[in-house]
Amino acid sequence: MTSRLLRCSLPCILLAAPVARAAELNIVEQAGEGGVALLVILGLSILFLAVAIERLLHLRARHIVPAGLVDEVLPLCVSGQFAVAAEHVAGQDSTLARIIAFVAEHHQMDYARVSAGAGDIASLELRRHQQKFYALAIVATVAPIVGLLGTVLGMIEAFHVIAFADGMGNPALLAGGISKALVNTAGGLSVALPALGTYHFLKHRTALLALALEQDVNRLLRASFPPRTDKHDLQMVRHAH
């Protein structure tokens, strides 16, 4: 009985040994043989990391709508001390501070012009912030296409080798070539997925900051132009999408 079990299990053991060795995949070695396409994907990954880190550091509330800033200048605007309000925000590097300075400088103009000017400042700076991480969308689109192109070229090369190397008698030659080619697709997707996720995360953050900015600017305009702000609230969130 024991000898029969050994005879039955011996082929399984012999088949499992090559599979176990194949499972020990050397990613670095495979990546080194990925070709030019993988170098392009590597460049795209560097671009992705640079843009993502820069935007995560600079696309923050303190650079767009600092918490509590509008509450600090509202009493000044209500009492007509616009010059003091402008001095309070002088030197502050934020979109809200620049809007407060604009409103304080042009408080003698009518509401419609001041509101339009504040909206232009907000929409321009929000678009500038969004344009800075648009490269992430490009990476998310281009990386998988480059990977697919590398895979197709790699498979063409693999079949070309098979055609002149009696590959039908050596399936490992074909399998190895296809495996190297598919590394390009894996590399492209590995870069595209986090780039796409980061792009939508930053886009969502921009929309949230735009909403907060809109609320604070409307409060500022109501305080500066109390008779005429009931029906003319500033709307600029559409520029963040």
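Keep in mind that what you see is a predicted model, and the values were worked out from it rather than measured. All residue numbers refer to position in the chain's written sequence, counted from 1. Local features in this predicted model are restricted to residues of pLDDT 70 or higher, and side-chain atom pairs are both shown and tallied only at a pLDDT of 80 or more, whereas totals for entire chains, interfaces and linings draw on every residue. Excluded from the side-chain calculation are hydrogens and water; included are all heavy atoms of the structure.

**Q** Help me understand the overall build of the protein, please; the structure alone is not making it clear to me.
**A** Across its full length, the protein holds ten helices and zero strands. The secondary structure listing takes helices from DSSP runs of H or I that are at least 4 residues long and strands from runs of E that are at least 2 residues long, numbered from the N terminus. Along the protein, helices and strands appear, N-terminal first, in the series α-α-α-α-α-α-α-α-α-α. The contact definition used throughout considers only heavy atoms, calling two residues in contact when any of these lie within 4.5 Å. The long-range share in the protein, meaning contacts at least 24 apart out of those at least 6 apart in sequence, stands at 77%. All accessible areas in this document rest on Shrake-Rupley with a 1.4 Å probe, and a residue is counted as covered only by the protein chains that are shown. Here the protein displays about 14,200 Å² of accessible surface, and carbon together with sulfur accounts for 66% of that area.

**Q** In this structure, what is going on with the environment of A223? I would like to understand it.
**A** Along the chain, A223 falls in helix α10 (residues 171–224). Note on classification: 1.4 Å probe, protein chains only; a residue is buried when its accessible area is under 20% of the maximum for its type, exposed when over 50%, partly exposed between these limits. Look at A223 and you get buried, because its relative accessible area is 16%. On a C-alpha basis, the gap between A223 and V78 in space is 5.4 Å, while along the polypeptide they are 145 residues apart. Non-local contacts of A223, meaning those with residues more than four positions away in its chain, are made with L74, C77 and V78.

**Q** How do you make sense of the packing of helix α5 (residues 69–78) against helix α6 (residues 82–89) when you look at a structure like this?
**A** In a packed pair of helices, the relevant descriptors are the angle between the two axes and the axis-to-axis distance. Orientation of α5 relative to α6, taken along the N-to-C sense of each, is 160°, at an axis distance of 8 Å. By the angle between their directions, the pair α5 and α6 is classed as roughly antiparallel. Once α5 is placed against α6, the crossing between them reads as right-handed. Contacts from L69, E72, V73, L76 and C77 in α5 reach F82, V84, A85, H88 and V89 in α6. Throughout this entry, Asp, Glu, Lys and Arg are counted as charged residues, while Ala, Val, Leu, Ile, Met, Phe, Trp, Tyr, Cys and Pro are counted as nonpolar. The remaining residues, Gly among them, count as polar. Residues belonging to the contact of α5 with α6 are distributed by class as follows: eight nonpolar, one polar and one charged. Helix axes use the C-alpha atoms of the stretch in contact, all axes being lines fitted to C-alpha atoms, and the angles between their N-to-C directions lie in the range 0 to 180 degrees. Under this scheme an angle from 65 to 115 degrees is roughly perpendicular, one under 35 degrees roughly parallel, and one over 145 degrees roughly antiparallel; angles in between are oblique. It is the rotation of the near helix from the far one that decides the hand of a crossing: anticlockwise by less than a right angle makes it left-handed, clockwise makes it right-handed.

**Q** Even after reading the chapter, I still don't get helix α3 (residues 36–58), so can you show me in this structure?
**A** Counted at 1.5 Å a residue, the expected span for α3 with its 23 residues is 33 Å, and the 34 Å between its end C-alpha atoms agrees. Along α3, the positions that sit buried rather than exposed are A37, L38, I41, L44, S45, F48, V51, A52 and R55. Every helix has an expected span of 1.5 Å times one less than the residues it contains.

**Q** Would you mind going over the packing of aromatic side chains with me for this structure?
**A** Two aromatic rings, taken as a pair, are described by how far apart their centres are and by the angle between their planes. Only Phe, Tyr and Trp rings are paired, with Trp represented by its six-membered ring, and only when their centres lie within 6.5 Å; those with planes under 30 degrees apart are stacked, over 60 edge-to-face, the remainder tilted. This structure, assessed with the given rule, holds two aromatic pairs. Geometrically, the ring pair formed by Y111 and F225 is edge-to-face, given 5.8 Å between the ring centres and 75° between the ring planes. Taken together, the residues Y111 in helix α8 (residues 111–132) and F225 in the segment after α10 connect sequence positions 114 residues apart.

**Q** When you look at α5 in this model, what are you seeing that I'm missing?
**A** Given 3.6 residues per helical turn, the α-helix brings residues three or four places apart onto the same face. Those residues of α5 that fall on the buried side of the exposure criterion are L69, V70, V73, L74, L76 and C77. Directly beyond the C-terminal end of α5, a positive phi value near 80° is found at G80.

**Q** Hey, could you run me through the packing of α5 against helix α7 (residues 95–105) in this one?
**A** In the contact formed by α5 and α7, the axes pass within 11 Å of each other and the chain directions differ by 10°. Relative to α7, the element α5 lies roughly parallel. When you trace α5 past α7, the crossing you get is right-handed. Contact with α5, carried on its side by L69, V70 and V73, involves L96, A97 and I100 of α7 and no other residues of that element. In the contact of α5 with α7, the residues fall into six nonpolar, no polar and no charged.

**Q** Before we go on, may I ask you to explain a nonpolar patch on the surface in this structure?
**A** Excluding any residue in a salt bridge, patches collect residues exceeding 30% relative accessible area, merging like charges within 9 Å and nonpolar Val, Leu, Ile, Met, Phe, Trp and Tyr side chains within 5 Å. Here a salt bridge means any side-chain nitrogen of Lys or Arg lying within 4 Å of a carboxyl oxygen belonging to Asp or Glu. A cluster of nonpolar residues, L148, L149, V152, L153 and I156, forms a patch on the protein surface that exposes about 470 Å² of accessible area. The topology assignment puts I156 in helix α9 (residues 134–163). The exposure class of I156 is exposed, given its relative accessible area of 52%.

**Q** Would you take a moment to explain the environment of L59 for this structure?
**A** As for its position among the elements, L59 is in the loop between α3 and α4 (61–64). Sequence separation between L59 and L209 is 150 residues, and the spatial gap between their C-alpha atoms is 9.1 Å. If we skip the residues at most four places from it in the chain, L59 touches I64, H129, F133, L202, R205, T206 and L209.

**Q** What is the right way to read the side chain of S224 from this model?
**A** Looking at the secondary structure, you find S224 in helix α10. By relative accessible area, S224 is classed as buried at 13%. The term polar contact refers here to a pair of N or O atoms within 3.5 Å; inside protein, the definition further demands a hydrogen-donor-capable atom paired with an acceptor-capable atom, and it admits residues adjacent in sequence only when both atoms are side-chain atoms. Polar contacts involving the side chain of S224 include one to the main-chain carbonyl oxygen of L220, which spans 2.9 Å.

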